[in-house]
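# Structure at a glance
Given next are the chains, with one letter for each unit.
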Amino acid sequence: MIIKPLSVESGFFCTFVYMHKTEINNEFSLLDQLNRAQRAAVEFCDGPSLVIAGAGSGKTRVLTHKIAYLLELGLPPYYILALTFTNKAAREMKSRIAELVGEKKARSLWMGTFHSIFARILRKEADSIGFQSNFTIFDSSDSHNLVKLIIKDMNLDDKQYRPGHVHGQISRAKNSLITPTMYAANTEIIQYDNRARQPQIFEIYKRYQNRLRAANSMDFDDLLMYTNILFRDHKEILDKYRNQFQYILVDEYQDTNFAQHLIVKQLADEHHRVCVVGDDAQSIYSFRGANIDNILNFKSTFPETKVFKLEQNYRSTQNIVNAANSLIKKNTEQIAKDVFSENEVGEKMEVISTFSDFEEGLVVANKIARMRLENHSAYSDFAILYRTNAQSRIFEDSLRKKNIPYRIYGGKSFYQRKEIKDVIAYFRLIVNPSDEEAFRRIINYPARGIGDVTVGKVSSAATLHQKSLWEIISTPIDYNLNVNSGTQKRLKAFYDLICEFIDKNESLNAFELAQEVLKKSGIAHEAYQDLTPEGMSRSQNIQELLNAINEFVSTRQEQGEEEIGLVDFLSEVSLLTDQDTDKEEEAEKVTLMTVHSAKGLEFNNVFVVGMEEDLFPSSMTKSEIRGLEEERRLFYVAITRARKTCTITYARSRFKNGQTTSAVESRFLREIDPAYIYMESNSSFSTATTDKAVDFWGTMREQRLQRESRTDKNIYSERSDRSSFKAGPSTGRLVSVHNSSSSMPLSKEAKELEEGDIIEHERFGQGEVTSIEMSGNDRRAIVEFESAGRKQLLLKFAKFKIIGKK
DNA sequence: AACCGATGACTTTTT
DNA sequence: GTCATCGGTT
């Protein structure tokens, strides 16, 4: 066993290695739980290693066992740095390690997200980079607001400089460790901005960064950038952490950006005891700066890297694994691997084509209801995965109609809600009065007669004198603040209010102070008075926040920790996101989420919906090969979430941005080896010519469908259970009926239909044809339905079966 | 300054 | 369909 030259802690690590040699044979039942590849990856501890972990191959198992193994060997937990991508992943891993080695050890591990770990370190070392340790962390909406403000200040057109886009550009710069100065000096970037008609971005970036610093605040990206600056400029601090973190593990390495990669590299640069785990095939966060090259080229960072490949998939059936493999093979940039499954062969993936997004919703809801009964599954065995959050609505509707309970992820997280952000803004200002965003948020909330005009005056005075807004209102006279005496009074009242809180912050814990703030600020009063449903829910949320603070304080008190102030609560909370706050209601519900948020999860039955060109792959990513390959990986991630079955749907027309648009099935569908796909025989992929006709009429029909659905909601739900269209797997499914009526000129059914026929319509149930007439070139039937009443059906598009004659 | 209603623009993913 | 902004009114 070769040991790298070690720095200060080498004495310890030799002990560690010695124990390794002597005790390995009998002591470690840990290793018995692993297959050969996993075990090899766990056992290799004295050099850099790269673990390529295919989907479902037991990646977390390797990580947790590896950490447990290091601990069993005697490495103290606080010498181990384990970085994850989400707080949730860190928590789960921690609890799994606790099961292996005990709560106490697990708790002292340095385990968390890049952002939370390095925020912790930055607070400790804040002095060295000119910040105060109580700095605020701006979330993306804070950043967005600030960018918008700056654009306004600079008198730029916010149509030309869209705040979101500008912030994205700044964010990318930061992730690549490009400071404002470097940005302005980089001719390539400047030329790019010029071409994009946004030549002022460099200036916005500069001001943005200055404003953040003036507010003693950092955005998400700063946490990584300043960590790098800290390490670059303070060798002694870098050394300190290098020595502390004797072993470094990184999960989801394919999703790291350059700033993160460099942090890892610097920390591991001397001892090289670093293990990164990931799957290049699941790299899906490049839009956020993640760089797949970090994992592809890890070997060039540490040339002696040992590569382990976990290739056995324990999650999915062979069909699913093989289908996913055949898809991902189309990517050019990847690490060769051979993922296989020894589970049952399983069912083929089913591809279902529907006429519209609306119908897609129905089909999926129906299929879930049917599968649940047939296979005795729980609702929680099902997940509907989509590319964009906007797609969720239609499934919510269709599931609701069928009384299928669902849980939807995404959307506004708890801490993003207005009322919560407002309350938190008070906390932020108390802890860090320089926090400009917080100041602006609450200066007139609840309404206290300080409007935009006044804030504008304060703001320009602040810019003029290079002071924070807070300092201006603390002594307005010093800065010639030109406001009338009434306004002056009101400003003073606000200032005094916050000062009172700041005083109390010395003695009160977070919960006590929070109650005080709610009471004295008038928030509680206002919330109490608002009896509208929205108002009630706002009050509830605020109450919820109060509960969370209470819990925070009491659990910390129980554990004998002193850090129970508002600062401590804020620093814990500012990096939490929606996924971390959900109460683990392991309810019996269907899961709805984006493919992105499904990463790392698994379900027995997965529906990947909306597989259409310009949606999946998204139109925004298609221009570049890299973008397209990422979309393919995203699809790969979606498929590999499934244990037993995977159903893919696409709609040939879809309501998008306020209008119905036509759609073609995703190119990715053709890329899957047909051997693993099951598709209705008459539902072959469409060709360009039929599409045009279908799309035009599809639009018309779609509009009608939506009108009808509005008027006949209850009727549909009554009928749907008995509808013969959704009978057993072998008989005609909804889809097949569709295809015959839509992709072909005219179905047999439609041609032969005559007066007096009894039909079964997908939506309206049974009815009798009372007459048939011409409508332009098309035939139209007037049908008297049993429960839905009289309807006109354009036979070209109607979805029905003839079931008899009168 | 607050409220209201109308209008217009935009929607990929999120630590 | 949503959000955000604008302009008008009170």
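Everything numeric in this text was worked out from a predicted model, so none of it was measured. All residue numbers here refer to positions counted from 1 along the written sequence of the relevant chain. Whichever chain is written first becomes A and whichever ligand is written first becomes 1, with later ones labelled in order. For a predicted model such as this one, the threshold for reporting local features is a pLDDT of at least 70, and the threshold for listing and counting side-chain atom pairs is 80 or more; totals across whole chains, interfaces and linings nevertheless cover every residue. Note: side-chain values were computed over all heavy atoms of the structure, leaving out hydrogens and water.

### Things to note about the UniProt feature "binding site: ATP" (unreviewed entry) in chain A
UniProt positions are given in the numbering used here, feature names are shortened, and annotations may be inferred rather than shown by experiment. The sites that UniProt annotates as "binding site: ATP" (unreviewed entry) are Ala-53, Gly-54, Ala-55, Gly-56, Ser-57, Gly-58, Lys-59 and Thr-60. Here a strand is any run of E in DSSP of at least two residues, a helix any run of H or I of at least four, and the numbering for each starts at the N terminus. Relative to the elements of secondary structure, Ser-57 occurs in the loop between strand E1 (49-53) and helix H4 (59-72). The buried label goes to any residue with under 20% of its type's maximum accessible area, the exposed label to any with over 50%, and the partly exposed label to all in between, with areas taken from a 1.4 Å probe on protein chains only. Judged by its relative accessible area of 2%, Ser-57 falls in the buried class. The contact rule is simple, with two residues in contact once any of their heavy atoms fall within 4.5 Å. The contact partners of Ser-57, leaving out residues within four places of it in the chain, are Gln-38, Leu-310, Gln-312, Asn-313 and Tyr-314.

### A look at the packing of aromatic side chains
When two rings of Phe, Tyr or Trp (its six-membered ring) have centres within 6.5 Å they constitute a pair, described as stacked for plane angles under 30 degrees, edge-to-face for angles over 60, and tilted for the intermediate range. The full count for this structure, using the stated rule, is 20 aromatic pairs. With 5.1 Å between their ring centres and 50° between their planes, Phe-85 and Tyr-285 make a pair best called tilted. Placement of the pair is Phe-85 in the loop between strand E2 (80-84) and helix H5 (87-101) and Tyr-285 in the loop between strand E7 (274-278) and helix H16 (293-296), with a sequence separation of 200 residues. The buried category is assigned to Tyr-285, whose relative accessible area is 10%. Aromatic rings pair up to connect Trp-110, Phe-231, Tyr-241 and Phe-245 into one cluster. Directly above the aromatic system of Phe-135 lies the positively charged group of Arg-123, at a separation of 4.3 Å from the ring centroid. As a reminder, the over-ring test applies to NZ of lysine and CZ of arginine, requiring each to be within 6 Å of the ring centre and within 35 degrees of the ring normal.

### As for the protein's contact with DNA strand B
The near set for a molecule or strand comprises every residue that places at least one heavy atom within 4 Å of it. Surveying the vicinity of DNA strand B reveals 24 residues, the closest of which are Phe-85, Arg-162, Phe-287, Arg-387 and Asn-657. Pairing of N or O atoms within 3.5 Å defines a polar contact, subject to two protein rules: one partner must be a possible hydrogen donor and the other a possible acceptor, and residues neighboring in sequence count only if both atoms are side-chain atoms. A distance of 3.5 Å separates a base oxygen of DNA strand B from a polar side-chain atom of His-115. Within the side chain of Arg-288, an N or O atom sits 3.1 Å from a sugar or linking oxygen of DNA strand B. Breaking the surface near DNA strand B down by element, the ones donating at least two residues are helix H23 (452-465) and helix H31 (595-598).

### Focus: the sheet that holds E1
Between any two strands, pairing holds if DSSP finds at least two bridges. Reading across from one edge, E3-E2-E6-E7-E1-E8 is the order of the six strands in this open sheet, with parallel pairing throughout. The sheet is open, and its two edges are formed by strand E3 (110-113) and strand E8 (306-310), each paired on a single side. In this sheet, adjacent strand axes meet at a mean angle of 15° when their direction is disregarded. Note: strand E6 (residues 247-250) against E7, three bridges, orientation parallel. Residue Leu-249 lies in a different strand from E7, and its bridge partner there is Cys-275. In this analysis an axis means a line fitted to C-alpha atoms, helices contributing only their contacting stretch, and an angle means the value between N-to-C directions, from 0 to 180 degrees. Across the face of the sheet, helix H3 (residues 36-43) comes into contact with E1 and E8 while running at roughly 150° to E8. In this fold H4 packs onto E1, E2, E3, E6, E7 and E8, with an angle of close to 170° to the strand it touches most, E6.

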